[in-house]
Amino acid sequence: MTENVHHASIDVTAHEAAWGALATALTTWGLLAVGLAQAGLFRCWALLAAWLFACALGWVFFRAQPSNPCAPRRETLFFALILITGLLLFAWPAEHFPLLGDSAIYPNTAALLVRTGGLTYHYDPLDGLTWPQKQLFYVPADRQLPHMQIRSYQGLLYGAYYIIDSGQNTIVSSRPPLAIVWMGLLGMLLGAQGMLYVTPLFGAASLVVVYFLGKRLFDEGTGALAGLWLVLSFPQLYFSRTPYAEVVGQFFVLTALYSWVTYLQTRRFGYCGLGIGSLTAAFAARVDAILALPTLFLFAAFL
């Protein structure tokens, strides 16, 4: 047992260290961007500052991991095969520009985020209307769930936004913000069509994390098989080509699991911090990331 742990502690390859640094930067920027959006500061200068800080933290993570400078050729082959296959299959968004349905909520909210710099908006169509007239546009909270007293919002607008102040006609998106800020970033850089490439990128990145997780738990071949099996699954293909938040949350949950497993094997505290940050980011992407909490408790039991 001691020999296995010792072997794992020196078997962090250059690919793993670089991927951990990238995951650190992505996690850091995502959380900072959510904070900026919540504060109404989602602007180019603030996002650039967040990126510089995230990249600096990623570099510190990379330099703190004494990795093997020469990655095995087999790992390079598996890494490239999984990543390229994922990008080839996912990098064709299923929609050109979504206008209807749940998939429209994220990019349209991201468009508002880019325009206003925040996640709270003024809904103009309600201006000048009386209270009874306003209720024709949305479902009041007391009628949405009659058996519960909802205090956090006053109504549900089109199933996508919450009325948080009916007097001032203020609304906020009903979806967690992490996927929205990433779509906002690509929207600022590449235009509205660029928002649709957030899920393909995170879907392909999740395959790489599955490979590294499988490698840590079993071996390289098992990790590669798991990554290739996931890339061929229909749910992965569907959610990686449609602008939802599932694969964004998936990436950060898998990164948290990989980080904790690596920490248990290597006792390098950078991976412990990355795991906590990644799980926090997963909550900011999908509320159902709460299902990963038992894993966190299990991890704590092995500390």
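See the structure printed just above.
An account of the accompanying structure is given in this report. What you see is a predicted model, and the numbers here were worked out from it, not measured in a lab.

Tracing the sequence through the fold places Tyr197 in the loop between helix H8 (178–190) and helix H9 (198–217). For the pair formed by Tyr197 and Ala91, sequence separation is 106 residues and the distance between their alpha carbons is 7.0 Å. Those residues in contact with Tyr197 that sit more than four places away from it in its chain are Ala91, Pro93 and Leu186.

Turning our eyes to something else, we now look at the sheet that holds strand E4 (residues 161–165). An order of E1-E5-E4-E3-E2 is seen for the five strands of this open sheet, with the pairing classed as antiparallel. Each having just a single partner strand, strand E1 (120–122) and strand E2 (138–140) make up the two edges of the open sheet. Within this sheet the neighbouring strands show an average axis-to-axis angle of 35 degrees, counted without direction. Relative to strand E3 (residues 155–157), E2 runs antiparallel, the two being bridged by three bridges. Within the sheet, the bridge partner assigned to Pro140 lies in E3 and is Gly155.

Using the criterion set out here, one finds 21 aromatic pairs in the structure. Here Trp29 and Trp182 contribute two aromatic rings whose centre-to-centre distance is 4.5 Å and whose plane-to-plane angle is 50 degrees, an arrangement assigned as tilted. Here Trp29, found in helix H2 (residues 14–38), pairs with Trp182, found in helix H8; they are 153 residues apart in sequence, far enough to count as distant. Grouping residues by exposure puts Trp29 and Trp182 together as buried. Pairing Phe212 with Tyr258 gives two aromatic rings, centres 6.0 Å apart and planes at 40 degrees, and the pair type is tilted. Remark: Tyr258 occurs in helix H12 (residues 246–266) and Phe212 occurs in helix H9; sequence separation between them is 46 residues. One aromatic cluster is present, built from ring pairs that chain together Trp19, Phe61, Phe78, Phe79, Tyr211, Phe212, Tyr258 and Tyr271.

Each value, and the rule that gives it
- Residues numbered from 1 in each chain as written.
- Predicted model: local features only at pLDDT ≥ 70, side-chain atom pairs only at ≥ 80, totals over all residues.
- Heavy atoms only, no water.
- Helix = DSSP H or I, 4+ residues; strand = E, 2+ residues; numbered from the N terminus.
- Contact = heavy atoms within 4.5 Å.
- Pairing = 2+ DSSP bridges.
- Axes fitted to C-alpha atoms, helices over the stretch in contact; angles between N-to-C directions.
- Phe/Tyr/Trp six-rings, centres within 6.5 Å; stacked < 30°, edge-to-face > 60°.
- Buried < 20%, exposed > 50% of the residue type's maximum accessible area, 1.4 Å probe, protein only.

All we've got here are geometric facts, nothing functional implied.
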